[in-house]
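# Tertiary structure, described
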Amino acid sequence: MPMSNPEARTGHVILRVVLTALSIAVLLACVLMWWMTVFDTPQPVASSAAAQPSAAASPQAGASE
């Protein structure tokens, strides 16, 4: 199919460049937000899970005395 207006193609190229730059900027913003919040989430620690049963046993031992 022959192209009737060659100026229309340059408009599409500009639009494609702008949308590509915008999508890259949004992707980088999402990665940055993830990077800033990934360390705020509490991570399970093995020592805290092991300390809970001993803490629960202490009041029972004190109550039986």
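### Remarks on the overall build of the protein chain
Along the backbone of the protein chain there are two helices and zero strands. For the protein chain, the residues scored as buried account for 0% of the 65 residues in total. When the accessible surface of the protein chain is split by element, carbon and sulfur atoms take 71% of a total near 6,100 Å².

### Digging into the packing of aromatic side chains
For the coordinates displayed, the defined rule picks out one aromatic pair. Considering the side-chain rings of W34 and W35, the 6.1 Å spacing of their centres and the 55 degrees angle between planes classify their relative orientation as tilted.

### A few points about a nonpolar patch on the surface
A cluster of nonpolar side chains, contributed by L32, W34, W35, M36 and F39, occupies part of the molecular surface with about 650 Å² of accessible area. In this fold, M36 is placed in helix α1 (residues 6–37).

Definitions and limits used
- Residues numbered from 1 in each chain as written.
- Predicted model: local features only at pLDDT ≥ 70, side-chain atom pairs only at ≥ 80, totals over all residues.
- Heavy atoms only, no water.
- Helix = DSSP H or I, 4+ residues; strand = E, 2+ residues; numbered from the N terminus.
- Buried < 20%, exposed > 50% of the residue type's maximum accessible area, 1.4 Å probe, protein only.
- Areas by Shrake-Rupley, 256 points an atom, 1.4 Å probe, with all protein chains shown as cover.
- Phe/Tyr/Trp six-rings, centres within 6.5 Å; stacked < 30°, edge-to-face > 60°.
- Patch = residues over 30% accessible without salt bridge, like charges linked within 9 Å, V, L, I, M, F, W, Y side chains within 5 Å.
- Salt bridge = Lys/Arg side-chain N within 4 Å of Asp/Glu carboxyl O.

Remember that the coordinates give geometry; whether it matters functionally is a separate question.
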